There are 2 protein chains.
Amino acid sequence: MMKIGYQGVPGSYSETALQEYKHAHKLQDVTAIGYSSFKALIDEIEDGHLDLIVIPVENSTTGLIARTVDLLRYRSLVAIDENYQSIQHYLWGLEKSEINTITEAYSHPEALSQCDTFFANHPHITAKAYEDTAKSAQFIAEEGSIHQAALASKRAGELYGLKQLAASVQTESMNTTRFYIMAPNEKVTLKGDILSLYIETKHESGALAKLLQVFTLFDCNMESLNARPIAGKPFTYGFFMEVDVSKSTVPFELLWQTLEQVSEHLQVLGRFDSALTNKKG
Amino acid sequence: MMKIGYQGVPGSYSETALQEYKHAHKLQDVTAIGYSSFKALIDEIEDGHLDLIVIPVENSTTGLIARTVDLLRYRSLVAIDENYQSIQHYLWGLEKSEINTITEAYSHPEALSQCDTFFANHPHITAKAYEDTAKSAQFIAEEGSIHQAALASKRAGELYGLKQLAASVQTESMNTTRFYIMAPNEKVTLKGDILSLYIETKHESGALAKLLQVFTLFDCNMESLNARPIAGKPFTYGFFMEVDVSKSTVPFELLWQTLEQVSEHLQVLGRFDSALTNKKG
């Protein structure tokens, strides 16, 4: 039996990404296990208790999800695939609720802030912070009143048997979260167009420029690059980057050895074929 | 009279940065004006109602403060200086309070999460989310009970006449926020070692590599680089970057014209002498 971990509860966007991955790869006999924190999730796969994890790394509106990506540093797991989830928030209530009976809408603070226009247009509804989107739907189903609703995904509302009071209430119509599907290092052979890396350069002037010249030299196209603070060394940075290696004719081993020359810490965070092309606006 | 704007209330880290800037430059006759949102703050200086603003752009633990930096895009203001504030949270209560009488500690959610070890060690105190750190001190001073405390800066606690119940309770001992001091474009002449830029490259393969080659060519050392999503174009990016131009002998005008060749949108976000060197760990 295969065990796949995610952060949250059934109906969360992470769990939906997990289910899509399972169906796309026709995986049989999978147990999906929800964790209350990203750290617990990553610890569990490192400790050998999980085969895969599904973890959000980027949002089309808010960019790199630093609080999760930072946790992937100095770990021994790699992304073997990616999944995109369109983030569409629905307002969910009890059977007897109508939008006019609702005075409080519960959800994760980030989801609430993604729906600021909805709240501006419905001043009788107060936004109430809750642990996460799917859990707020669970809460309404179990203990809610006709005055309380949850902002959560379509799947979460349906899963907890709630009534749809409003659809796609987020302010940005195109709002997508990207997930990595990650496995323990030692269990996979890496292949695919997109190479995801975390690199700390040597502490010398021009080190980042040198690093980037390696990719240019070997025809690896830089897709994105984000500086992240190194813990305990204020205002020094490591770099998360994704490069497209499909045009490169250089053996991977040579690329790797050359990168090592200009790096203090060099870590493959993933390699997979891009699902990105279809998602670009 | 000079008007300088910031987000928050007196005693906030932003307002403290403002006061330090004022003292360092011996500015007389300054009115400091607090705003409830970063957007309102930036709108006010663009509309000509403020001479300067003070705005946080980076934290040593959490990195780029994307929600503020993103607001600086496509605006006509530039950073002319920077300021670093050590973020040390104190627990503040009423005169009759002791740490054992406290059952609730109020602060901004980010500040609360920076003190997770303190809450783990004091399980009788519940973390309560509040609008911001200094406002939570104001709230305790005005309406608090001996069971309620605020997590806020030393200055905020003193300003609102509170009693110090615990000092430096944040988990990370070195926790620093960096601020830009910004002025309207047309009012300043730019000079200094650090050049802060926001650039959207042309939508072609290798555009980021070309851009970075310009800096290498002209001996501008890349200090940091962050990809941020472009609104309405999911998974396309603009880049915030800071380069050290002190070693470059190329006229600024030539650097600029060359950057224009590889950019779709090119914006100077600031130029100033670095206060960074002293802050590195």
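Everything numeric here is computed off the predicted structure, so don't read it as measured data. (Residues numbered from 1 in each chain as written. Chains lettered and ligands numbered in written order. Predicted model: local features only at pLDDT ≥ 70, side-chain atom pairs only at ≥ 80, totals over all residues. Heavy atoms only, no water.)

Draft legend 1. Region of interest: the overall build of chain A. Within chain A, the secondary structure is distributed over nine helices and 15 strands. Rg of the C-alpha trace for chain A: 21 Å, near the compact-globule value of 19 Å for 281 residues, within the 12% margin. Counting every position in chain A, which comprises 281 residues, the buried fraction comes to 54%. Across chain A, the fraction of contacts at a sequence separation of at least 24, relative to all contacts at a separation of at least 6, is 76%. Here chain A displays about 12200 Å² of accessible surface, and carbon together with sulfur accounts for 50% of that area. Charge centroids of chain A, computed over 24 positive and 35 negative side chains, lie 1 Å from each other. (Helix = DSSP H or I, 4+ residues; strand = E, 2+ residues; numbered from the N terminus. Rg over C-alpha atoms; globule rule 2.2 N^0.38 Å. Buried < 20%, exposed > 50% of the residue type's maximum accessible area, 1.4 Å probe, protein only. Contact = heavy atoms within 4.5 Å. Areas by Shrake-Rupley, 256 points an atom, 1.4 Å probe, with all protein chains shown as cover. Lys, Arg positive; Asp, Glu negative; His and termini not counted. Charge placed at Lys NZ, Arg CZ, Asp CG, Glu CD.)

Draft legend 2. Representation of the sheet that holds strand β9 (residues 148–152) of chain B in the model. Residues and elements named next belong to chain B. Ordered by their spatial adjacency, five strands build an open sheet running β8-β7-β9-β6-β10, and the pairing between neighbours is mixed. The open sheet has two free edges, formed respectively by β8 (126–129) and β10 (163–166), since each of these has just one partner strand. In this sheet, adjacent strand axes meet at a mean angle of 35 degrees when their direction is disregarded. Packed onto the sheet, helix α6 (residues 133–143) meets β6 (90–93), β7 (104–107) and β9 and runs at close to 155 degrees relative to β9. (Pairing = 2+ DSSP bridges. Axes fitted to C-alpha atoms, helices over the stretch in contact; angles between N-to-C directions.)

Draft legend 3. The packing of helix α8 (residues 207–217) of chain A against helix α9 (residues 252–262) of chain A, seen in detail. Residues and elements named next belong to chain A. Relative to each other, α8 and α9 sit at 170 degrees, their axes nearing to 9 Å. The orientation of α8 relative to α9 falls into the category roughly antiparallel. Regarding α8 and α9, the two cross each other, and that crossing is right-handed. Of the residues in α9, those in contact with K210, L211, V214 and F215 of α8 are L255, T258, L259 and V262. (Parallel < 35°, antiparallel > 145°, perpendicular 65-115°, else oblique. Left-handed = near helix turned anticlockwise from the far one by under 90°.)

Draft legend 4. Seen up close, the relation of the copies chain A and chain B. Mapping chain A onto chain B leaves a residual RMSD of 0.0 Å; the transformation is a rotation of 180 degrees accompanied by 0.0 Å of translation along its axis. A rotation of that kind, with that shift, is consistent with a two-fold axis. Taking C-alpha positions as reference, the residue of chain A nearest the rotation axis is N226(A), located at 2.1 Å. The fraction of interface residues of chain A whose copies in chain B are also interface residues reaches 97%, indicating that both copies meet through the same surface. (Least-squares fit on C-alpha atoms with pLDDT ≥ 70 in both.)

Draft legend 5. The arrangement of the environment of I87(A) in detail. Relative to the elements of secondary structure, I87(A) occurs in the loop between β5 (77–86) and β6 (90–93). With residues near it in sequence (within four places) discarded, I87(A) still touches Y13(A), N59(A), Q114(A), Q170(A), N175(A), T176(A) and T177(A).

Draft legend 6. Representation of the sheet that holds strand β10 (residues 163–166) of chain A. Residues and elements named next belong to chain A. As summarised here, the arrangement of the five strands in space is β8-β7-β9-β6-β10, forming an open sheet in which the pairing is mixed. Whereas interior strands pair on both sides, the edge strands pair on one side only; in this sheet they are β8 (126–129) and β10. Strand after strand, the sheet turns through a mean of 35 degrees between neighbouring axes, direction not considered. Bridge analysis of strand β7 (residues 104–107) against β8 gives four bridges, and the strand direction is parallel.

Draft legend 7. Spotlight on the interface of chain A and chain B. The partner chain B presents 36 residues to the 37 residues of chain A that form the contact. Our count for the contact surface shared by chain A and chain B stands at zero salt bridges. Linking chain A to chain B there are eight residue pairs in polar contact (both at pLDDT 80 or more). Of all the secondary-structure elements, those providing two or more residues to the side of chain A that touches chain B are β3 (52–59), β4 (63–64), β11 (176–184), α8, β13 (221–230) and β14 (233–244) of chain A. Looking at which element gives the most residues to the side of chain A that touches chain B, the answer is β13(A), with nine residues. (Salt bridge = Lys/Arg side-chain N within 4 Å of Asp/Glu carboxyl O. Polar contact = N/O pair within 3.5 Å; in protein donor to acceptor, adjacent residues only side chain to side chain.)

Draft legend 8. Structural detail: the pairing of strand β5 (residues 77–86) of chain B. Residue and element names in this part refer to chain B. In terms of burial, β5 is a largely internal element, eight of the ten residues being buried. Sheet topology note: the β5/strand β11 (residues 176–184) ladder contains nine bridges and is antiparallel. What sits directly across from D81, in β11, is I181.

Draft legend 9. Spotlight on the domain arrangement of chain A. Residues and elements named next belong to chain A. Taken as a whole, chain A is organised into domain 1 (1–85 + 175–186), domain 2 (89–166) and domain 3 (189–273). Computed over C-alpha atoms, the centres of domain 1 and domain 3 are 22 Å apart. Each partner contributes residues to the interface: domain 1 has 17 residues there, and domain 3 has 18 residues. Looking at the side of domain 1 facing domain 3, the largest losses of area belong to L64, R73 and Y74, adding up to 37% of the total buried there. Here domain 1 is connected to domain 3 by two salt bridges. We note a salt bridge from R178 to E242, for which the minimum N-O separation is 3.0 Å. At the boundary of domain 1 and domain 3, one finds twelve residue pairs in polar contact (both at pLDDT 80 or more). (Domains from an automatic or database assignment. Buried area = accessible area lost by both parts, 1.4 Å probe.)

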